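# Residue-level structure breakdown
Below, each chain spelled out in residue letters.
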Amino acid sequence: LLLLLCVLIACAVLHPFLLFTSIDGERMTMLYGFTFITALWTIAWLWVRFIAIWKLLRFLLELLEGSTMRFAFSRLPKTFSLAPIWSYAGLRRTLILPMRWFEYRKVAPQVISPEQNANQIEKEAELIDQIVFGLGSDEMSLDQVYVRFSEDQNRYAALLASHSVIEASWKRGGPDVDTDRTAGGSNDSKETKHVSSLCRDDLPVPCGTSLPSPCEVAVANEYIAMRFGAYVRYVTLQLKNLMTFMSMGLFLLLVAAVSYPFQEPQNIAWSLIVIVVILLFGIGTVLLQMDRDAILSRMSETPPGEVKRGAFLLHMLSVGGLPVLTALSAVFPSMGNVLFSWIQPMLTALH
């Protein structure tokens, strides 16, 4: 309802039926006006969804950073980094992630009977085989196999979370593994300094000596963190899809608005520039918060709280570069002639 109110206010300010006055008559003006309102509503709805999804995901990430699970995210394989999903290569179906899940599953602590555990691993191995042989075939059936395999991994992660040793490590707090290697009586000052520096960097060593089954605790926490990491990757990939749709929607809306000889092209261009700036401000805010998030930084091996300026600018250019250039070319025709001179031969050929 709030979004609908905002769109209605925007229409009241912009007066689309006056703004898109057409030389082809009143009916064509009404058609352009309704098309503009529908397109504006669609893009605004994607923008609201984008911000709302990130708000929920950010709440989950803050909960994870406030728990002892945070240490496990620092030790995840870097294949769980978010960097690949921002490139087109990240959209391809990959075997790496399910193979990593299965690898951890085989070495995770057993919380069910050995016979049930062996049967479950055999079942998951069959699903892995189906995923391997399903690549390049029917995507629908492959998606179903992925879902079944992920559900099995999630169920086992839930069982691990209820394990008494894991629960005890969470209640104890602090690093999920022991970092005091000098407990056995060694007085090596160099080693002590190295371990303490790791503690200060919030990156505990993988295994310790004083906790019961410290390696199993570490592996179990990493396995559970891996399932959270898979979920985070999935949500951020959907955020990328929303950004792509917003970028292309804005670009096509701008092209449609500036390619027809309306009576007020400058007003249309400036109105669309204001809309582009508002949308890019919201997207840029989310991208900044993602760069500064502690859990995402742990997964990507970047300092938490810091912004990767190069990556941030690249993402902003990929989202708003074409819409901004198109809008500026409408306001400044000379710039448009230079920027879009490469498509002039194609237009001439079409004519």
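Everything that follows concerns the structure shown earlier in this document.
Just so you know, the residues in each chain are numbered from 1, in the order the chain's sequence is written. Since the coordinates come from a predicted model, pLDDT governs what is reported: local features require at least 70, and pairs of side-chain atoms require 80 or more to be given and counted, while whole-chain, interface and lining totals use all residues. Each side-chain value is derived from all of the structure's non-hydrogen atoms; neither hydrogens nor water enter the calculation.

Helix and strand assignments follow DSSP, with helices taken as H or I runs no shorter than four residues and strands as E runs no shorter than two, numbered in order from the N terminus. Regarding its fold elements, the protein chain presents 15 helices and 0 strands. Pairs of residues are marked as contacts when any of their non-hydrogen atoms sit within 4.5 Å. When contacts within the protein chain are restricted to residue pairs at least 6 apart in sequence, long-range pairs at least 24 apart make up 77% of them. Where accessible areas are quoted, they stem from the Shrake-Rupley method and a 1.4 Å probe; at the residue level, only the protein chains shown are allowed to cover. Accessible surface, the protein chain as shown: approximately 19600 Å² in total, 65% of it carbon and sulfur.

Ring pairs (aromatic) are described by centroid distance and by the angle formed between their planes. Centres within 6.5 Å are what make two rings of Phe, Tyr or Trp a pair, Trp counting through its six-membered ring; a difference in plane orientation under 30 degrees is then read as stacked, over 60 as edge-to-face, and the rest as tilted. Taken as a whole and assessed by the stated rule, the structure comprises 3 aromatic pairs. Ring geometry for Trp101 versus Phe149: centroids 6.2 Å apart, planes at 20°, classification stacked. Of this pair, Trp101 sits in helix α5 (residues 96–107) while Phe149 sits in helix α7 (residues 139–161); the two residues are 48 residues apart in sequence, bridging distant segments of the chain. Whether a charge lies above a ring is judged from NZ of Lys or CZ of Arg, which has to be within 6 Å of the ring centre and within 35 degrees of the ring normal. Positioned above the aromatic ring of Tyr156, the side-chain terminus of Arg105 is 3.6 Å from the ring centre. The residue whose ring lies beneath Arg227 is Trp101, and the NZ or CZ to ring-centre distance is 4.4 Å.

Attention now moves to the side chain of Arg105. Tracing the chain through its elements places Arg105 in helix α5. Given a relative accessible area of 1%, Arg105 falls into the buried group. Throughout this description, a polar contact denotes any pair of N or O atoms lying within 3.5 Å of each other; where both atoms belong to protein, one of them has to be capable of donating a hydrogen while the other can accept it, and for residues adjacent in sequence the pair is counted only when both atoms sit in side chains. Of the polar contacts made by the side chain of Arg105, one reaches the side chain of Asn117; its length is 3.0 Å. We call a residue buried when its accessible area falls under 20% of the maximum for its residue type, exposed when it is over 50%, and partly exposed in between, using a 1.4 Å probe and counting protein chains only.

In this section: helix α6 (residues 114–134). Take the residue count of a helix, subtract one, and multiply by 1.5 Å to get its expected span. Helix length check: α6 (21 residues) gives 30 Å between terminal C-alpha atoms against 30 Å at 1.5 Å per residue, within 8%. Taken residue by residue, α6 has Asn117, Ile121, Glu124, Leu127, Ile128, Ile131 and Gly134 as its buried positions. An end-on view of α6 places all buried positions within 140° of arc, on one side of the element. Seen from the buried face of α6, the exposed residues on the opposite side, beyond 90 degrees, are Glu115 and Phe133. Read the arc as the range of directions from the helix axis to the C-beta atoms.

As a further point, take the pattern of salt bridges. A side-chain nitrogen of Lys or Arg and a carboxyl oxygen of Asp or Glu constitute a salt bridge if their distance falls within 4 Å. Applying the stated criterion to the full structure yields 6 salt bridges. As a salt-bridge pair, Arg105 and Glu124 come within 3.6 Å of each other at their nearest N and O atoms. Residue Arg105 is found in helix α5, and its partner Glu124 is found in helix α6; the two are separated by 19 residues along the sequence. With a relative accessible area of 0%, Glu124 lands in the buried category. Taking the shortest distance from any N to any O, the salt bridge between Lys123 and Asp152 comes out at 3.9 Å. Highlighted residues: Lys123 in helix α6 and Asp152 in helix α7, separated in sequence by 29 residues. Lys123 sits in the partly exposed class, given a relative accessible area of 37%. Through salt bridges with shared partners, a single ionic network connects Lys123, Asp152 and Arg155.

Here we come to the packing of α5 against α6. The axes are straight lines fitted to the C-alpha atoms, using for helices just the contacting stretch, and the angles between their N-to-C directions are given from 0 to 180°. Where α5 meets α6, the axes come as close as 11 Å, and the angle between the chain directions of the two elements is 165°. The angle between the axes of α5 and α6 places the two elements in the roughly antiparallel class. For α5 against α6, the interelement crossing comes out left-handed. Residue-level inspection shows Pro98, Met99, Phe102, Arg105 and Lys106 of α5 in contact with α6, the latter providing Asn117, Gln120, Ile121, Glu124, Ala125, Ile128 and Ile131. Each residue gets one of three labels, nonpolar for Ala, Val, Leu, Ile, Met, Phe, Trp, Tyr, Cys and Pro, charged for Asp, Glu, Lys and Arg, and polar for the others, Gly among them. Considered class by class, the residues forming the contact of α5 with α6 number 7 nonpolar, 2 polar and 3 charged. Angles are sorted into four bins: roughly parallel if under 35 degrees, roughly antiparallel if over 145, roughly perpendicular if 65 to 115, and oblique for all others. It is the rotation of the near helix from the far one that decides the hand of a crossing: anticlockwise by less than a right angle makes it left-handed, clockwise makes it right-handed.

Quick look at the environment of Ile131 now. When you line up the elements, Ile131 lands in helix α6. Residue classification places Ile131 among the buried residues on the basis of a relative accessible area of 0%. Each C-alpha atom of the pair Ile131 and Tyr146 lies 7.2 Å from the other, and the pair is 15 residues apart in sequence. With residues up to four places along the chain from it excluded, the contact list for Ile131 reads Leu95, Pro98, Leu142, Val145, Tyr146 and Phe149.

Taken N-terminus to C-terminus, the directions of helix α3 (residues 26–65) and helix α11 (residues 265–292) make an angle of 15°; their axes are 10 Å apart at the nearest point. One element, α3, and the other, α11, form an angle in the roughly parallel class. For the pair α3 and α11, the crossing hand works out as left-handed. For the pair α3 and α11, contact is made by Phe36, Leu40, Ile43, Trp47, Phe50, Ile51, Trp54 and Arg58 and by Leu272, Ile275, Ile278, Leu279, Gly282, Ile283, Val286, Gln289 and Met290, respectively. Its residues assigned to classes, the contact of α3 with α11 comprises 14 nonpolar, 2 polar and 1 charged.

Moving on, we come to the nonpolar core. Judged by nonpolar contacts, the single largest core of 77 residues is most densely connected at Phe50, Trp54, Phe73, Leu272 and Leu296. At 18 residues, helix α10 (residues 214–258) tops the list of elements feeding residues into this core. Only buried residues count toward a nonpolar core. Its members are Ala, Val, Leu, Ile, Met, Phe, Trp, Tyr and Cys residues joined through side-chain atoms within 4.5 Å.

Grouping into patches uses exposed residues only, defined as over 30% relative accessible area, and leaves out salt-bridged ones; the cut-off is 9 Å for like charges and 5 Å for nonpolar side chains (Val, Leu, Ile, Met, Phe, Trp, Tyr). Side chains of Leu1, Leu4, Leu8, Trp41, Trp45 and Val48 sit close together on the surface and give an oily, nonpolar patch of about 640 Å² of accessible area. Those elements that place two or more of their residues in the nonpolar patch are α1 (2–14) and α3. Counting residues per element, the nonpolar patch draws most heavily on α3, which supplies 3 residues. Position of Trp45 relative to the elements: it lies in helix α3.

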